[in-house]
Amino acid sequence: MSSDTLAKVATAPEPRDPPELSAEPRIVPRPRAGQWTAAVAVLVLLALVANSVVRNEAFQWDVVADYFASASVLRGLWLTLWLTALVMVLGFALGTLLAVGRLSANPVLRAVSWGYVWFFRSMPILVQLLFWFNIGALYPQLFGVKTVNLLGPVTIAVIGLTLHEAAYAAEVVRGGILSVGRGQTEAAQSLGLGRWRRWRRIILPQAMRSIVPPAGNMLIGTLKGTSIVSVIAVQDLLYSVQLVYHRTYQVIPLLMVATIWYVVVTSVLGVGQYYVERHYARGSERAR
């Protein structure tokens, strides 16, 4: 190598580090005037509606306050809550048996379970309640006892609502079981877990993630749906306020009493549903 080449190499500038990249520009969202305008308009509309309800003397809020915690209304509320709880327990117990029947390898059990679900989902609940209320016309006696004495209005309400609820509960439970991958069951079998332990430790905890949301909706729907039993003179919450306004002719304030109680109870049930869903969603993306 010549001396000139060595001199050029010796005097060559040292390589410099690449310049640091400048910070990324901050993204400023585009102002959305239309959305804010719509939000303000909705808030103004809600404020006008609330103001009209509160200041409208036809609602008779003093009468609402007088009857809100009256003895007759609270008795009707207690019957509504008791009827809802009993129907949900019995409906899901029967619905679980129907769901297992539909998933059974036995064709007779599958056909009978499918037929039950098809029939009771096709029949309106009001028609079913009226049918049971008039069952004495078909069977004057059952087990040697007059049907009129054996099946009172409350018993008829429990039977009719439970049979109706079980048809929908069966599909909810069946859908939850089918949501669990078959690989989960096969893995449990490979570990030597028995059938009951597989259901209790593997299948049901995962199925509950899919069962709880629709079951919560069914619970709230059943609570409100119990008001239909007033047509067969069951003294639930709605029937209790009807007895009062038939005597006082204060229809609107008494209906507001029932409405507020329904809103309060469904709100409490909604909060409970949220925590139950969060409990069963632990370990999944939905829990975050």
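Residues numbered from 1 in each chain as written. Predicted model: local features only at pLDDT ≥ 70, side-chain atom pairs only at ≥ 80, totals over all residues. Heavy atoms only, no water.

- The protein appears in an unreviewed UniProt entry as Amino acid ABC transporter permease from Streptomyces atriruber.
- The Sequence similarities (unreviewed entry) comment attached to the protein in UniProt states, word for word, "Belongs to the binding-protein-dependent transport system permease family."
- UniProt lists a comment for the protein under the heading Subcellular location (unreviewed entry), and it reads "Cell membrane". (UniProt positions renumbered as here; feature names shortened; annotations may be inferred.)

1. With respect to the overall build of the protein
So, point 1. When helices and strands are counted, the protein shows twelve helices and two strands.
So, point 2. Element order for the protein, N to C, with α for helix and β for strand: α-α-α-α-α-α-β-β-α-α-α-α-α-α.
So, point 3. Sorting the 288 residues of the protein into buried and exposed places 31% on the buried side.
So, point 4. Sequence-distant contacts in the protein: of pairs separated by 6 or more residues, those separated by 24 or more amount to 76%. (Helix = DSSP H or I, 4+ residues; strand = E, 2+ residues; numbered from the N terminus. Buried < 20%, exposed > 50% of the residue type's maximum accessible area, 1.4 Å probe, protein only. Contact = heavy atoms within 4.5 Å.)

2. Re the UniProt feature "transmembrane region" (unreviewed entry) in the protein
So, point 1. With numbering matched to this structure, UniProt assigns "transmembrane region" (unreviewed entry) to residues 36-54, 77-100, 112-133 and 251-276.
So, point 2. The distance from the first to the last C-alpha atom of residues 36-54 is 27 Å, and the span holds 100% helix and 0% strand.
So, point 3. The span residues 251-276 shows a helical share of 100% and a strand share of 0%, and its end C-alpha atoms are spaced 38 Å apart.

3. Focus: the packing of helix α4 (residues 71-102) against helix α12 (residues 251-280)
So, point 1. Orientation of α4 relative to α12, taken along the N-to-C sense of each, is 40°, at an axis distance of 12 Å. Here α12 runs oblique to α4, going by the angle between their axes. Between α4 and α12 the crossing geometry is right-handed. Seen from α4, the contacting residues are V73, L74, L77, T80 and L81; seen from α12, they are V257, W261, Y262 and V265.
So, point 2. In terms of residue class, the contact of α4 with α12 is made up of eight nonpolar, one polar and no charged. (Axes fitted to C-alpha atoms, helices over the stretch in contact; angles between N-to-C directions. Parallel < 35°, antiparallel > 145°, perpendicular 65-115°, else oblique. Left-handed = near helix turned anticlockwise from the far one by under 90°. Nonpolar A, V, L, I, M, F, W, Y, C, P; charged D, E, K, R; others polar.)

4. As for the nonpolar core
So, point 1. Counting 18 residues, the largest nonpolar core has V73, L237, V241, L254, V257 and W261 as its most contacted members.
So, point 2. Contact partners of V73, with chain neighbours within four places excluded, come to Y67, F68, L237, S240, V241, V257 and W261.
So, point 3. Counting residues in hydrophobic clusters, the runner-up holds 14 residues, among them V87, I125, L151 and V229. (Core = buried A, V, L, I, M, F, W, Y, C linked by side-chain atoms within 4.5 Å.)

5. A look at the side chain of E165
So, point 1. With respect to the element layout, E165 can be found in helix α8 (residues 153-178).
So, point 2. K224 provides the closest opposite charge to the buried, unpaired E165, separated from it by 12 Å.
So, point 3. Look past the residues within four positions of E165 in its chain and what remains in contact with it is V87, M88, G91, M218 and T222. (Lys, Arg positive; Asp, Glu negative; His and termini not counted. Salt bridge = Lys/Arg side-chain N within 4 Å of Asp/Glu carboxyl O.)

6. Observations concerning the packing of aromatic side chains
So, point 1. A full pass over the atoms with the stated rule returns eight aromatic pairs.
So, point 2. With a centroid separation of 6.2 Å and 5° between ring planes, the pair formed by W114 and W118 is classed as stacked. Taken together, the residues span about one helical turn, with W114 and W118 both in helix α5 (residues 107-122) at a distance of four residues.
So, point 3. The class for W114 is partly exposed, based on a relative accessible area of 48%.
So, point 4. Plain terms: the ring middles of Y274 and Y275 are 5.1 Å apart, the flat faces sit at 75° to each other, and that makes the pair edge-to-face.
So, point 5. Grouped by ring-pair contacts, the aromatic residues W114, Y116, W118, F119 and F120 constitute a single cluster. (Phe/Tyr/Trp six-rings, centres within 6.5 Å; stacked < 30°, edge-to-face > 60°.)

7. Section: the pattern of salt bridges
So, point 1. A full pass over the atoms with the stated rule returns two salt bridges.
So, point 2. A salt bridge links E171 to R102; its shortest N-O distance comes to 2.7 Å. Of the two residues, E171 is situated in helix α8 and R102 in helix α4; the sequence distance between them amounts to 69 residues.
So, point 3. R174 is paired through a salt bridge with E171; the nearest N and O atoms lie 3.0 Å apart. Residue R174 and its partner E171 are located together in helix α8, separated by three residues, close to a single helical turn.

8. Here we look at a nonpolar patch on the surface
So, point 1. Taken together, W78, L81, W82 and V154 make up a surface patch of nonpolar side chains, about 400 Å² in accessible area.
So, point 2. Take the nonpolar patch: its biggest share by element is three residues, from α4.
So, point 3. Topologically, V154 is positioned in helix α8.
So, point 4. Relative accessible area serves as the criterion here: at 34%, V154 is assigned to the partly exposed category. (Patch = residues over 30% accessible without salt bridge, like charges linked within 9 Å, V, L, I, M, F, W, Y side chains within 5 Å. Areas by Shrake-Rupley, 256 points an atom, 1.4 Å probe, with all protein chains shown as cover.)

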